[in-house]
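# Commentary on secondary and tertiary structure
This is what each chain is made of:
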Amino acid sequence: MNRRLLRTALPFISLGLVLAATFYVQPRTMSYFGLNLMLQYAVPIALATIAQMFVITVNDLDLSIGPFVGLVGCISATLLYSHPVLGVLALLLCIAAYGAVGALVHWRNLPSIVVTLGLSFVWLGIAVLILPSPGGKAPDWLKAIMAVQLPIVPFPIVAAIVIGVAVHLVLMLSSYGVIARGAGGNARALARAGWSMLWTKVAMYSLAGLFGVLAGLSLLGLTTAADAHVADRYTLYSIAGVILGGGEFVGGRVSPMGAVVGALTLALAGSFLIFLRISPDWQIGAQGAILIIVLALRALLTYAEVRR
Amino acid sequence: MMAAWVKLRQQPWIWSFVAAFAVWTIAIVYTRGQGAGEILTAAISFAAFTIIVGLGQMMVISTGPGNVDLSIPATITLAGVVAMKVMDTDTARLLIGIVAALSASILVGVFNYFLIRLLRIPPIIATLSSSFLILSTAISYGRGIRIKPPPPLADFATARIAGIPLTAAFVLVLCIVIAVILKRTVYGRTVLAVGQNPRAAWLAGMNVDGARFATYVLSAFLAGVCGIVLSGFSGGAALNMGEEFLLASIAVVVIGGTSVAGGRANVPGICGAALFMYLLVTMLNILGASAGIRLIMTGAIIIAVIVLAGGEEAQR
Amino acid sequence: MGETAIRLDGVEKNFGAVRALDGVTLGVGKGECLGLVGHNGAGKSTLMHVLTGALAPSRGELSVGGEKIRGGWSAAASQAQGIRCVFQELSLCPNLTVAENVRIMHRALKGFGWKGRARALIRAKLDEIFPGHGISPDDEIANLAIGKRQMAEIARAFTETEGRLRLVILDEPTSSLDAVTAGQLLSYVKKETAKGTGIILISHLLGDVLGTCDRIVVMKDGRTVAERNARDFNRNSLVEAMGSEVRHERPADASRRETRQTEFIVRARPKTAPGTTELVAGKGEVIGLAGLAGHGQTRMLLQIFSRDEAQVAGPLAFIAGDRQSDGIFNLWSIARNITVRSLKALRRNGLIDGAAETRLGEDWKKRIAIRSSDIDNNILTLSGGNQQKTLFARALASDATIILMDDPMRGVDIGTKQEVYGMIRAEAESGRTFIWYTTEIEELTHCNRAYVFRNGAISAELGAGELSEENVLQASFAEQAA
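For every chain, the first residue of the written sequence is number 1, and numbering continues from 1 along that sequence. Ligands are numbered from 1 and chains lettered from A, in the order in which they are written. For a predicted model such as this one, the threshold for reporting local features is a pLDDT of at least 70, and the threshold for listing and counting side-chain atom pairs is 80 or more; totals across whole chains, interfaces and linings nevertheless cover every residue. Each side-chain value is derived from all of the structure's non-hydrogen atoms; neither hydrogens nor water enter the calculation.

### Observations concerning the overall build of chain B
- Elements are defined by DSSP. Helices are runs of H or I of four residues or more, strands are runs of E of two residues or more, and each kind is numbered from the N terminus. The helix and strand inventory of chain B stands at 14 helices and two strands.
- The reference for a compact globule is 2.2 Å times residues^0.38; the radius of gyration itself is calculated from the C-alpha atoms. By the compact-globule yardstick of 20 Å for 316 residues, chain B fits well, its C-alpha radius of gyration being 20 Å.
- Its C-alpha atoms give chain B principal-axis dimensions of about 50 × 50 × 35 Å.
- Working definition: with a 1.4 Å probe on protein chains only, accessible area under 20% of the residue-type maximum means buried, over 50% means exposed, and in between means partly exposed. Put simply, chain B has 316 residues, and 57% of those count as buried.
- Two residues qualify as a contact provided that any one of their heavy atoms is within 4.5 Å of a heavy atom in the partner residue. Across chain B, the fraction of contacts at a sequence separation of at least 24, relative to all contacts at a separation of at least 6, is 78%.
- As presented, chain B carries roughly 12400 Å² of accessible surface, and 69% of it is formed by carbon and sulfur atoms.
- Separation between the mean location of the 19 positive side-chain charges and that of the 10 negative ones in chain B comes to 8 Å. The Shrake-Rupley method, run with a 1.4 Å probe sphere, supplies the accessible areas, and residue values consider only the shown protein chains as cover. Counting rule applied: Lys, Arg positive; Asp, Glu negative; His and chain ends not counted. Note that the charge is assigned to NZ on lysines, CZ on arginines, CG on aspartates and CD on glutamates.

This is the structure:
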């Protein structure tokens, strides 16, 4: 019980530490606008992380979520802008495609890593066909949503909390969430109780598709123009976010709140490094170092807990 | 004869060769047989690099679910940069450059396993994080310098004997060595046993940690070898020289019939898959496909191959 | 028998050329407890999988509550008909809590407040079956000991929401339970049948079957070969019906030496109980570890195996009881599964000698009588008992002088057991030392000495003359209050 509690708390502690370090280096960020600016990209990252988490719940891994987010941006900046109805249909088709991938992975018992590796090329290819060079326009309503100014608490924080709580309700508290997590824990037990693994996977992949679409939309709302390659990094961010948030690759152990917090931590780490004014050569290296430190901290705390 | 064919058909690697042959055939049918040999030679020389790192990735993936080395591209770059800078175009410094580059690669492997074992970080995240650090090291160490390889290295990497690249022979020897390691050494057996069931391997008296450690070091070492030869091949090191090998190294392992669930490795499959990947791109280029189409086709065919190969039916 | 709960008529099931079920006709009445016994490979598991809808029969009829089932027999349909099964390998999701695992079984547990209802349901059932169980509905399965997991799974099978429970199949339900909880379960079975639920009890513990069931069916080679009221059977007639010759339990062997040697090659004290009795073993001794399941015996073996605060003079080998998780390499052939422990010795010039490896495999296949046409066949083509023999061959073929056994006879048929007992005796005489954890008290008769474990400590050391069931139970339960 204690170990479970600690596992849940760790991502929050990590976020607190990175936040404190940022405030220490750059005290001016400790304001409404400072936080708003630093965390605005946390919203799409958090949504992509949640998408990844749904796939990880059923013991799979999605290596295509980054290019998928890019593709959604390209569709939204062109089709959704010019022909809203067609645009919505195209996005629904994207979600259906994700569900179909889930069915395929289950039906042929395929390694998701390879299938989604192949898919990442497909998404990128379609995106490049739609928008060979960066451009397009974000729909105005999208820009308006992402630029909302809420009283007292900055929009990205509120959005993150809403996302986290909503997904927590679905996956951790609802009776069907139990089925999804059980599928990750012991698929055979689930089948014996008469549940369909096929539909569970389709549902999880479709939810991943839905949140991938939301991630693409929110990212476009911020960037206002699209680029097929804009979100390539999101694949790695989303995996790192889930793990930072206390999730595990196998066994259906995931935490939506943790995943959102993990995404916030990653987004914040980027800003923190810029404030540190370290040489551009070491920007990327420092990001790796932060990841390692946070995870080492988690390992040490867990280890100490087990020892006791 | 029939029995031999049935047995052959059951080998998971055969499909990668069949696929490679198929795309090559389509390509030369389109060119009406022109440059058939040249296409093949080019594919072999490019595939050689993927095979080198693919073998390392294969060993890592064989140690069980979740094991993967994402630091291969960064290690290739680091090894290339270190080799070029230490050699400094001087043939006399060739050996010391190779030693330096390989030592750096081995250090990477040691560091990776340190993260995985002592800090208990999942391999995907551990090797990803370390790749960021390695890349920064390579950038800051070799910034803005583009040094040519010493002539013997460049000659070795580009030489052809009777139309066959010398690197191909080198890679063939490497493949045989790895295959023997897998089948005939205690280390190789340990890797396969750990990939199936680490606890049972431990209880059977095997050195589980030692095998995992050696595997991550081996993967980094092979990435280092690839980095050195690749810089010889392409006239120097570049900071993005490893990029394409991230997806390629994983793709060839899986298309080649190695089990992603661990415990079953397949050396010939790596070769077939690497050839297939390059011939595929060549074929699409010849057919005049646009960048977008090329990407879609590459992805679709990777998926098609894995669907046809049937995934992991026997298991689970 | 009154109304039937479920009935099979001439059911056949083929796997390729293998006929796993060869025309089984079997009925379970309402409120009847049916015992099902048979060797490994007799077809019991296949039969259970047909009943639970995991497998469709190749031929034959199935009727539930007097109504014939026509097509569409599936796990979901079986669930809906009120048929439950507690499988030998646990069917719980380790990442979920006990209450969440209850939800997986019950489609009706949904909507607002489902969790509260699931908690109440399982808590009441656990209290009813296993008073004093110490399991909370919010415990994560992964954090529970194996015995408690099995208790949770058994209790889950008996919970009811919509629809009555019709039939519960218990497949070796007491394998991970200690004597007390096993007793609680068996007396609950009688209570449950009084309510009208049919129960099928599959167990290797013939005493449990004889004492609990109303009727006993014996299976052999995919057929039912005997069917009688339980009181018309006794231990010997049951074993006889199963097809292997009756071997009378060897009375305490007079020739067995009481070896209290002064030279020991293993000395270890449980890390969980510093300053208590020490375990010692000499050359050629067979040392038993007894006591209630999960009281530190396996931990003791692992402590010796990892030479952790244990003095061990000689190479070790470990024979797993939990084949799937601790023993077998699924992708490998029988030969490779045997030689894996001896690879270092098979090296010549640094490389494994393939011919020598094959010889070693063949040799041990013969010596231990593993039933397979080819040792290059995959290990999974073997039955459970033969897989277990492979694990014995692995250990005995090695250079190990000390062999640790972690309750290796779990789920092994009597014939195989007898063969293995003989082998242990012979190997011990030639100087090997065995440290043998067993949950079956009868097996202690093969030991020179035994240590009884309680709460992670050694509570008694029993010499060969003192190894009676009574003494072991005494030591397992004594001083519980203190």
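More follows now that the structure is in view.
### As for the pattern of salt bridges
- Criterion for a salt bridge: a side-chain nitrogen of Lys or Arg within 4 Å of a carboxyl oxygen of Asp or Glu. Summed over all chains, the structure comprises 30 salt bridges over all chains.
- Between K195(C) and E192(C) there is a salt bridge, and its shortest N-O distance comes to 3.4 Å.
- Between R348(C) and D353(C) there is a salt bridge whose closest N-O contact spans 2.9 Å.
- Owing to a relative accessible area of 57%, R348(C) belongs among the exposed residues under this scheme.
- Relative accessible area serves as the criterion here: at 13%, D353(C) is assigned to the buried category.
- Through salt bridges with shared partners, one network takes in R181(A), E100(C) and K115(C).

### Overview of the interface of chain A and chain B
- In this assembly, 39 residues from chain A lie in contact with 43 residues from chain B.
- Between chain A and chain B, roughly 3600 Å² of surface is buried when both sides are summed, and carbon and sulfur atoms account for 82% of that area.
- When the area that chain A buries against chain B is broken down by residue, the three leading residues are F121(A), D281(A) and I292(A), summing to 17%.
- Taken together, the links from chain A to chain B amount to zero salt bridges.
- Residues adjacent in sequence count toward polar contacts only when both atoms are side-chain atoms; beyond that, a polar contact is any pair of N or O atoms within 3.5 Å, and within protein one must be able to donate a hydrogen and the other to accept it. Inspection of the region where chain A meets chain B yields three residue pairs in polar contact (both at pLDDT 80 or more).
- Put simply, the parts of the chain that give the side of chain A that touches chain B at least two residues each are α6 (112-130), α12 (234-244) and α14 (280-307) of chain A. Buried area: the accessible surface (1.4 Å probe) lost by two parts on joining, summed over both.

### Overview of unusual backbone geometry
- Here the phi dihedral of R277(A) falls at roughly 55°; this positive angle occurs in a residue that is not glycine.
- The topology assignment puts R277(A) in the loop between α13 (256-276) and α14.
- In this structure R277(A) comes out as exposed when scored by relative accessible area, which is 71%.
- In this model, D407(C) sits at a positive phi of 50°, which is unusual for a non-glycine residue.

### Things to note about helix α3 (residues 98-105) of chain C
- Summarising burial for α3(C): eight of the eight residues are buried, a large majority.
- Along α3(C), the residues that are buried comprise V98(C), A99(C), E100(C), N101(C), V102(C), R103(C), I104(C) and M105(C).

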